[in-house]
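The lines below spell out each chain.
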Amino acid sequence: EPEVTQTPSHQVTQMGQEVILRCVPISNHLYFYWYRQILGQKVEFLVSFYNNEISEKSEIFDDQFSVERPDGSNFTLKIRSTKLEDSAMYFCASNPRQAVNEKLFFGSGTQLSVL
Amino acid sequence: GESVGLHLPTLSVQEGDNSIINCAYSNSASDYFIWYKQESGKGPQFIIDIRSNMDKRQGQRVTVLLNKTVKHLSLQIAATQPGDSAVYFCAENKGGTASKLTFGTGTRLQVTL
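Model, not experiment: these values are computed from the prediction.

Caption draft 1: Highlighting the layout of surface pockets. As a volume, the largest pocket reaches approximately 430 Å³. Looking at the largest pocket, it is lined by 18 residues, and the ones nearest its centre are Glu1(A), Glu3(A), Phe106(A), Pro44(B) and Gln45(B). Contributions of two or more residues to the lining of the largest pocket are made by strand E10 (105–106) of chain A together with strand E4 (45–51) of chain B. Broken down by class, the residue content of the lining of the largest pocket amounts to nine nonpolar, four polar and five charged.

Caption draft 2: Structural view of the pairing of strand E2 (residues 19–24) of chain B. All names here are of chain B. Burial along E2 is one-sided: Ser19, Ile21 and Cys23 are buried, and none of Ile20, Asn22 and Ala24, which face the opposite way, are. Relative to strand E7 (residues 72–77), E2 runs antiparallel, the two being bridged by six bridges. Counted as the bridge partner of Cys23 is Leu73 from E7.

Caption draft 3: Up close: the state of the cysteines. Residue and element names in this part refer to chain B. Summed over all chains, the structure comprises two disulfides over all chains. Disulfide pairing is shown between Cys23 and Cys90; the S-S distance is 1.6 Å. Of this pair, Cys23 sits in strand E2 while Cys90 sits in strand E8 (residues 86–93), and the two are 67 residues apart along the sequence. The buried category is assigned to Cys23, whose relative accessible area is 9%. Residue Cys90 is classed as buried on the basis of its relative accessible area, which comes to 8%.

Cut-offs and rules
Residues numbered from 1 in each chain as written. Chains lettered and ligands numbered in written order. Predicted model: local features only at pLDDT ≥ 70, side-chain atom pairs only at ≥ 80, totals over all residues. Heavy atoms only, no water. 1 Å grid on protein atoms, 1.4 Å probe; cavity = no way out; pocket = protein on both sides within 12 Å on 5 of 7 lines; lining within 4 Å. Points joined across faces, edges and corners; volume = space filled by probe spheres on them. Helix = DSSP H or I, 4+ residues; strand = E, 2+ residues; numbered from the N terminus. Nonpolar A, V, L, I, M, F, W, Y, C, P; charged D, E, K, R; others polar. Buried < 20%, exposed > 50% of the residue type's maximum accessible area, 1.4 Å probe, protein only. Pairing = 2+ DSSP bridges. Disulfide = S-S within 2.5 Å.

Purely geometric stuff here, so don't read any function into it on its own.
Structural data, given as C-alpha cells:
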C-alpha cells in the first residue's frame, strides 16, 4: 500500500532556530495536511493545503509556521523560530479528494525536540 | 513517538475476547467519524469510518456504532489479538472542510495472553 513518508524521524533543535520538516505525500493525492501531537495529548490539526495554497489553518498555525510544496513531490512545514512548546510529534497526511468520507493517510511522524 | 498519556484511559482484554472502546464526541453537527489506531512510533492508521446517516458499520473484525442521540461512538473489535495493542482515537469532522479532523483523547488497548 502506498505510504506518506516523513523525514527526519527525529529532529533536535535549539530554541530560536528554524526547522524544516519534510513529507512526501502519496503520489496521486492532491490534499495535504500537517497535524501535531504534543506528548500525552490529542492529535491536533495545523493546516491543510491544496493547489499550492493554504485552504484552512488552525489557531496554532501562527506566523511562525509556513508550508510549501517546493516541487512535485515534497511538502514541507517550516517553523521559523522554534519555541520549547513546539516540541511535539508532527504528522503529515494526504488524501486524493477532500470529500466528507475520504480518509486521511498519515505518515509516521517527525519527533521534534526543542531544547 | 508513543503517546504516553499519563491520563490516557486503558482497556485490558484477554486475547480472544471482544473489545469495546468508547468515545464521546462534542459537536452535534459532525457528520463523519473515524477510528484510528496508533502504534508506538507510528502515525495514526485508519481503521473504519461512519457517516452520520448510519448507526452501524462493519469491517473485518471491527464494528463501529454511532448513537447521535447521546453523541457516542464505539469501536468493537472481535477476537482481540496481541497485534491490536495500540492507542485508539476517534475523530470527528465538524463539517465544512472534510479533512479537518478533531481527535479524541485516545484509549490504550492492552491485550494480555
